[in-house]
Amino acid sequence: MNKEEISLFVERNLTNFSVNSTGWEELIRKLLFEFAIAGWNMEHRVFGKEKFGGLRCYTYSEDEILNNKLTIIKDKYSELSVKTCEICGSEGRMRTIGSWQTTLCLNHFLEQQPVIEIDEKQNIRRDHKTLLNIKNIIKADLEYDLQKMWIHTKSFGNPEETFSFSWQEPNYYLLLKTIPLSLFPEDRRSEISTLFQSLQDCEICGHKAVHQKNCLRCHHEQWNESGYFVEDYGEKSHYIKECQMDIFIDEDDYEKYFIHDRSFEKSPDHQILFSSDDLREYEKLLF
């Protein structure tokens, strides 16, 4: 076995991996190289693919010692793949796009996530593309918990179309508030109206977005004097401070994605309870 033989083996098997882009190419090259060094018969092909956001390689050897070596190599690169952007190869993390799991860096995650926009002409846009105009909506339906919406439209000379929107998209609640109530089923109108009329200020993120003790903007449960709140945090200010630090650190990049969300008003009197020293100490505990 020489370097040229290994190089040919690697190049020949790269195309046997069904992945979404080229970001994992270097990982796959290294995996194949380690297979060759471990003793894999280079005349045999190696196959793999992306599954649930990670790299999977499907091989088996009847040689138990070799098979154990291959398993270690496969596990190693599977773990590395969920930290590597599938598109560009830079540092990434497991994320959900629609209903699909994928591993992306922040920039490519933001590029692929849909953002709802409503312009001054009442056009509803997603990813800067106009989908429909509110005046063309003939009816709208909602999931039981108001977290998903289907909009049915019909314009002159065009067939009826249906578009779906989810609470996971920025400006979803702005869209829900903008569509005339008369377009929703009669038995849901009161529920929608009550939601927006009853919103309270969130002491954690500062948005007027609290509905039934949960914030629709930051998704934190509001403080109460019972259960684990008192047991785990002692007092309200400690709970609010820790939640605010989580938002600031934004480990899941939620705030970076929702930066343009205009669904809820921000209170001018909102107070930040943590200091830079508090944040440094909290980061030590997390990382």
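The shown structure was predicted, so the numbers you read here are calculated from the model rather than taken from an experiment.

A.B. asks: What am I meant to see in the nonpolar core here?
C.D. replies: Soluble globular proteins: nonpolar side chains tend toward being buried together. If you look at the biggest cluster of nonpolar residues, it comprises 40 residues, and the most contacted ones within it are Met-149, Ile-151, Phe-165 and Leu-175. Mapped by element, the contributors of at least two residues to this core are β6 (116-118), β9 (137-142), β10 (148-153), β11 (161-166), α5 (172-178), α6 (186-197), β13 (208-211) and α8 (236-249). Looking at this core element by element, the count peaks at five residues for α5. In contact with Leu-175, not counting residues within four places along its chain, are Ile-116, Ile-118, Ile-124, Met-149, Ile-151 and Phe-165. Trp-40, Met-42, Ile-73 and Tyr-77 belong to the second-largest nonpolar core, a separate cluster that totals 22 residues.

A.B. asks: Got a minute to help me understand the sheet that holds β10 in this structure?
C.D. replies: Strands belonging to one sheet form pairs held by backbone hydrogen bonds; the direction of such a pair is parallel or antiparallel. If you walk across this open sheet you meet the three strands as β9-β10-β11, and the pairing is antiparallel. At either margin of the open sheet sits one strand with a lone partner, and together these are β9 and β11. Averaged over all neighbouring strand pairs, the angle between strand axes comes to 20°, with direction disregarded. When β10 meets β11, the two strands line up antiparallel, connected through six bridges. Along β11, the bridge assignment pairs Lys-148 with Ser-166.

A.B. asks: Quick question: what am I supposed to make of unusual backbone geometry here?
C.D. replies: What you tend to see is this: most non-glycine residues have negative phi, and most peptide bonds are trans. The phi dihedral of Asp-127 falls on the positive side, at around 55°, and the residue is not glycine. Position of Asp-127 relative to the elements: it lies in the loop between β7 (123-126) and β8 (129-133). The backbone phi angle of Asp-250 is positive, close to 55°, even though this residue is not glycine. Assignment of secondary structure puts Asp-250 in the loop between α8 and α9 (254-257). Of the residues examined, Asp-250 reaches a relative accessible area of 7% and is grouped as buried.

A.B. asks: Would you mind showing me how to read helix α2 (residues 25-38) here?
C.D. replies: For α2, spanning 14 residues, the distance from its first C-alpha to its last is 20 Å, which sits close to the expected 20 Å at 1.5 Å a residue. Of the residues making up α2, those classed as buried are Leu-27, Ile-28, Leu-31, Leu-32, Phe-35, Ala-36 and Ala-38. Summarising the contacts, the buried residues of α2 are in contact with α1 (3-14), β1 (17-18), β3 (54-58) and α3 (64-81). At the exit of α2 stands Gly-39, carrying a positive phi of roughly 115°.

A.B. asks: Help me understand the pairing of β9 in this model?
C.D. replies: As a general feature of sheets, a regular strand has side chains that alternate between the two faces. Where β9 lies against β10, five bridges are found, and the strand directions are antiparallel. What sits directly across from Ile-137, in β10, is Thr-153. Linkage of β9 to β10, two consecutive antiparallel strands, is achieved through a turn of five residues, within which Leu-146 is found at a positive phi near 70°.

A.B. asks: In this structure, what is going on with the pattern of salt bridges? I would like to understand it.
C.D. replies: Opposite charge on two side chains makes pairing possible when the charged atoms of those side chains draw close. In this structure the tally under the stated criterion is 14 salt bridges. Note that Glu-11 is salt-bridged to Arg-29, the shortest N-O span being 2.2 Å. With Glu-11 in helix α1 and Arg-29 in helix α2, this pair connects stretches of sequence that are 18 residues apart. Exposure remark for Glu-11: the relative accessible area of 39% places this residue in the partly exposed category. Residue class for Arg-29 comes out partly exposed when judged on its relative accessible area of 23%. In this structure, the salt-bridge partner of Lys-236 is Glu-203, at a minimum N-O distance of 2.7 Å. Taken together, the positions of Lys-236 in helix α8 and Glu-203 in the loop between β12 (200-201) and β13 put the pair 33 residues apart, joining distant regions of the chain. Owing to a relative accessible area of 33%, Lys-236 belongs among the partly exposed residues under this scheme. Residues joined in a network through salt bridges with shared partners are Arg-95, Asp-250, Asp-253 and Lys-256.

A.B. asks: Looking at this structure, I do not really get the packing of aromatic side chains. What am I missing?
C.D. replies: Centre distance and the angle of the planes are the two values used to describe a pair of aromatic rings. Scanning the entire structure with this criterion turns up 12 aromatic pairs. Between Trp-223 and Phe-229, the ring centres sit 5.6 Å apart and the planes meet at 75°, which makes this aromatic pair edge-to-face. By the burial criterion, Trp-223 is buried, and Phe-229 matches it. Ring geometry for Phe-229 against Tyr-239: centres 5.0 Å apart, planes inclined by 80°, an arrangement best described as edge-to-face. One end of the pair, Phe-229, is in helix α7 (residues 228-233); the other, Tyr-239, is in helix α8, and 10 residues separate them in sequence. Taken together, Trp-223, Tyr-228, Phe-229, Tyr-233 and Tyr-239 form an aromatic cluster joined through their ring pairs. It is Arg-95 that lies over the ring of Phe-109; its NZ or CZ is 4.8 Å from the centre.

Calculation rules
- Residues numbered from 1 in each chain as written.
- Predicted model: local features only at pLDDT ≥ 70, side-chain atom pairs only at ≥ 80, totals over all residues.
- Heavy atoms only, no water.
- Core = buried A, V, L, I, M, F, W, Y, C linked by side-chain atoms within 4.5 Å.
- Buried < 20%, exposed > 50% of the residue type's maximum accessible area, 1.4 Å probe, protein only.
- Helix = DSSP H or I, 4+ residues; strand = E, 2+ residues; numbered from the N terminus.
- Contact = heavy atoms within 4.5 Å.
- Pairing = 2+ DSSP bridges.
- Axes fitted to C-alpha atoms, helices over the stretch in contact; angles between N-to-C directions.
- Expected span 1.5 Å × (residues − 1).
- Salt bridge = Lys/Arg side-chain N within 4 Å of Asp/Glu carboxyl O.
- Phe/Tyr/Trp six-rings, centres within 6.5 Å; stacked < 30°, edge-to-face > 60°.
- Lys NZ or Arg CZ within 6 Å of the ring centre and 35° of its normal.

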